[in-house]
Amino acid sequence: MHRVLSGAPASPSPGGEAGNRPLYTLSVAVDPSCTMKDVRAMLLLQNLEDIGTVLSTTPSRDLLEDGKFEGSFEILIESDAGEDALRTVASGTDITLLALSSPAAAQEPGPEEEAEPPQVQRATKAEKSREIKNIRVDIQRLDRMMNLVEDLVINRGRLEQIAKKHGIKEFDEALNMVGRSVSDLQNLMMGIRMMPLERIFNRLPRVVRDVANHDGKEVEFVIEGGETELDRSMMDGLSDPLLHIIRNAVNHGIETPGVREAAGKPRKGSLRLTARRDKDNVIIEIEDDGAGIDPGRLRKKAVEKSLMTPEAAAAAAKDDLINLLFEPGFSTAEAITDISGRGVGLDVVKKTIESLKGTIKVESGLGTGTKFELVLPPTMAIIDVMMVHINGMRCAIPISNVVEVAQMRTDAVHRIGSSEAILLRDQTLPMHRLEDMFGRTQKSDTLVVLQNNGRRCCIPVDTVDGQQEVVVKPLSRIAGSCRGISGITIPGDGDVVPVLDVNTMI
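Residues numbered from 1 in each chain as written. Predicted model: local features only at pLDDT ≥ 70, side-chain atom pairs only at ≥ 80, totals over all residues. Heavy atoms only, no water.

Undergrad: Explain the overall build of the protein chain here, please?
TA: Summing up its helical and strand segments, the protein chain has 16 helices and 23 strands in all. Per-residue burial for the protein chain yields a buried fraction of 42% across its 506 residues. A separation of at least 24 residues holds for 69% of the contacts in the protein chain among residues at least 6 apart in sequence. (Helix = DSSP H or I, 4+ residues; strand = E, 2+ residues; numbered from the N terminus. Buried < 20%, exposed > 50% of the residue type's maximum accessible area, 1.4 Å probe, protein only. Contact = heavy atoms within 4.5 Å.)

Undergrad: Can you help me understand the pairing of strand S18 (residues 427–431) in this one?
TA: Here is the key point about a regular strand: its side chains alternate between the two faces of the sheet. Bridge count for strand S17 (residues 419–424) against S18 is five bridges, and the pairing is antiparallel. Within S18, the residue paired with Leu423 across the bridge is Thr428. Hairpin remark: S17 followed by S18, antiparallel, with two residues in the connecting loop; positive phi at Arg425, about 55°. (Pairing = 2+ DSSP bridges.)

Undergrad: Help me understand the sheet that holds strand S2 (residues 23–30) in this model?
TA: Two pairing modes exist for strands in a sheet, parallel and antiparallel, and in both the strands are linked by backbone hydrogen bonds. Read from one edge of the open sheet, four strands run S3-S4-S2-S5, paired in antiparallel fashion. In this open sheet, the two strands that pair with only one neighbour each are strand S3 (53–58) and strand S5 (95–101). Direction aside, neighbouring strands of the sheet carry axes that sit 25° apart on average. Pairing of S2 with S5 involves six bridges; the strand directions are antiparallel. Bridged to Leu26 within S5 is Leu100. (Axes fitted to C-alpha atoms, helices over the stretch in contact; angles between N-to-C directions.)

Undergrad: How should the pattern of salt bridges be read in this particular structure?
TA: Two side chains with opposite charge may pair up if their charged atoms get near one another. What the rule picks out here adds up to 25 salt bridges. Note that Lys371 and Glu285 form a salt bridge whose closest N and O atoms lie 3.9 Å from each other. Of this pair, Lys371 sits in strand S12 (residues 369–376) while Glu285 sits in strand S10 (residues 281–288); the two residues are 86 residues apart in sequence, bridging distant segments of the chain. Glu285 gets classed as buried once you look at its relative accessible area, which sits at 12%. The partner of Lys361 in a salt bridge is Glu363, with the nearest N and O atoms 3.9 Å apart. The partly exposed category is assigned to Lys361, whose relative accessible area is 33%. (Salt bridge = Lys/Arg side-chain N within 4 Å of Asp/Glu carboxyl O.)

Undergrad: In this structure, what is going on with helix H5 (residues 139–166)? I would like to understand it.
TA: Quick reminder: α-helices carry 3.6 residues per turn. Residues three or four places apart thus point the same way. With 28 residues, H5 ought to run about 40 Å at 1.5 Å a step, and its terminal C-alpha atoms sit 41 Å apart, in line with that. By the burial criterion, the buried members of H5 are Leu142, Met146, Val149, Glu150, Val153, Arg156, Gly157 and Ala163. Contacts made by the buried residues of H5 are with helix H6 (169–193), strand S13 (382–390) and strand S21 (463–473). Downstream of H5 by one or two residues, Gly167 has phi in the positive range, about 60°. (Expected span 1.5 Å × (residues − 1).)

Undergrad: Just checking my understanding: could you explain the packing of aromatic side chains for this structure?
TA: Remark: the centre distance and the inter-plane angle together describe each pair of aromatic rings, the angle taken between the planes. Evaluated as defined, the whole model comprises one aromatic pair. Between the aromatic rings of Phe69 and Phe73, the centroid separation amounts to 5.2 Å while the plane-to-plane angle is 75°, which identifies the pairing as edge-to-face. (Phe/Tyr/Trp six-rings, centres within 6.5 Å; stacked < 30°, edge-to-face > 60°.)

Undergrad: Help me understand the side chain of Ser364 in this model?
TA: With respect to the secondary-structure elements, Ser364 resides in strand S11 (residues 359–365). In terms of polar contacts, Ser364 uses its side chain to reach the backbone amide nitrogen of Ile293, at 2.7 Å. Engagement of the side chain of Ser364 in a polar contact is seen with the side chain of Thr370, the distance being 3.1 Å. Among all residues touching Ser364, those that are not within four sequence positions of it are Gly292, Ile293, Lys318, Ile322, Gly369 and Thr370. (Polar contact = N/O pair within 3.5 Å; in protein donor to acceptor, adjacent residues only side chain to side chain.)

Undergrad: Looking at this structure, I do not really get a nonpolar patch on the surface. What am I missing?
TA: Residues Leu152, Leu185, Leu188 and Ile192 make up a contiguous nonpolar surface patch of about 340 Å² in total accessible area. By residue number, the principal contributor to the nonpolar patch is H6, which donates three residues. With respect to the helices and strands, the residue Leu188 is situated in helix H6. (Patch = residues over 30% accessible without salt bridge, like charges linked within 9 Å, V, L, I, M, F, W, Y side chains within 5 Å. Areas by Shrake-Rupley, 256 points an atom, 1.4 Å probe, with all protein chains shown as cover.)

Undergrad: Any chance you could explain the environment of Gly487 here in plain terms?
TA: Topologically, Gly487 is positioned in strand S22 (residues 485–489). Taking relative accessible area as the criterion, Gly487 reaches 0% and is therefore assigned buried. Remark: the alpha-carbon pair of Gly487 and Lys473, spanning 14 residues in sequence, is separated by 5.5 Å. Excluding residues within four positions of it along the chain, Gly487 makes contact with Val472, Lys473, Pro474, Leu475, Val497, Pro498 and Val499.

Undergrad: Explain the packing of helix H9 (residues 232–253) against helix H14 (residues 346–355) to me, please; I cannot follow it from the model alone.
TA: Helix-helix packing is described using two parameters, namely the angle between the two axes and the distance between the axes. Close contact between H9 and H14 brings their axes to 9 Å; oriented N to C, the two are set at 145°. Note that H9 runs across H14; the crossing there is left-handed. Where H9 approaches H14, its residues Gly237, Leu238, Pro241, His244, Ile245 and Asn248 are matched on the opposing element by Leu346, Val349, Thr352 and Ile353. The class makeup of the residues in the contact of H9 with H14 is six nonpolar, four polar and no charged. (Left-handed = near helix turned anticlockwise from the far one by under 90°. Nonpolar A, V, L, I, M, F, W, Y, C, P; charged D, E, K, R; others polar.)

Right, here's the structure in full:
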């Protein structure tokens, strides 16, 4: 257990030791339409402390974090990250940078000023020598280094094909040594980019406390697994979805103390945020012991908003009803407040999580609570794939999604409505022929069984060419997004091969 919500606000953690770094004054403003400007101000200060030391604010930090300010405010920060980094951090969601200035640096002490004692000078030198062990590196430089590592992997694949063609033993031995070095460099680069999730989690207790105070509720907030690491590129995109789900849990889920006591529950509600690693994936769960989601209210709202006919709503399964929460404009709140009721939020949360190639799942029991589960895949651009041919065209399937390869028996294939399924070892699996992507083929007699988030399906393929380590590149803006394709890869022979997105298939 990492942290339990307490009544006092967390003390600011400095972003680095005070020293002779440049001083900057930032003038920023929070969007007037923002419903929780205190939270936005707090997140901004914490983000700035990641790249420097916040020396003072006008008005004071306590007033900012309590939301007792109007319009703009100023921040005095000491940082060696540079103006570009400060501008980037100070231009986030609902935050506008009005001005950035650098006061004149402190002048060197004149000859009339007393010189520092020798022991102070020695201490300063020792501190400087320690500082050298940790340096700040722009994330864009790490991205460029990662691109170079990806180029090495592509070229290594090309060399492996040449070595296989000519059968030169000495070349094979040297290539194996190069391959190990490239793999070590790749793992090192991925390790450098990883950051603990507690950098996001530690901002959330304040949000819980503010929403609970606003709604007159008592909430115990528990955080576990903050040490779980995630790629830096995903951290920024994860902050707002977590913020919204946490606010929803307190505002929609947990009841007021009187209602909880009448239902035989403790006065204080429980909200738990946990993170863990499952194989290559990171799983984040947000669970409360509140009122849960009422299927009857979902049916009523679905009919009111013309998302379902009364007959379809009455026959809809619970999971289908819960998925309505992710429809734009859908809200079960009876009244619009500063925090909820506008129907804006969970649809954006789902789109954001899917843009990170992740999935979101909701489980709820009426009167017992609700659990949101976010599954985030590894962001490694270099992955192991299975190369297959479908209708004479080659495509790649992430090896982490492949369960097995089996022989397809036509007598085991059954048609269910407009879909097909196959009976494989007493288990019925949906079968997707992918004809809309690769065209119709007559010789697919091999099945590849796929799995994602506990659900399985299978696809027929012509041949399986084996396993290969490849670099996955995102589709260009010109090509746009293509459902079912997560990216493309270029193996050693120079062909452009699509990588299947098993998540959208299942």
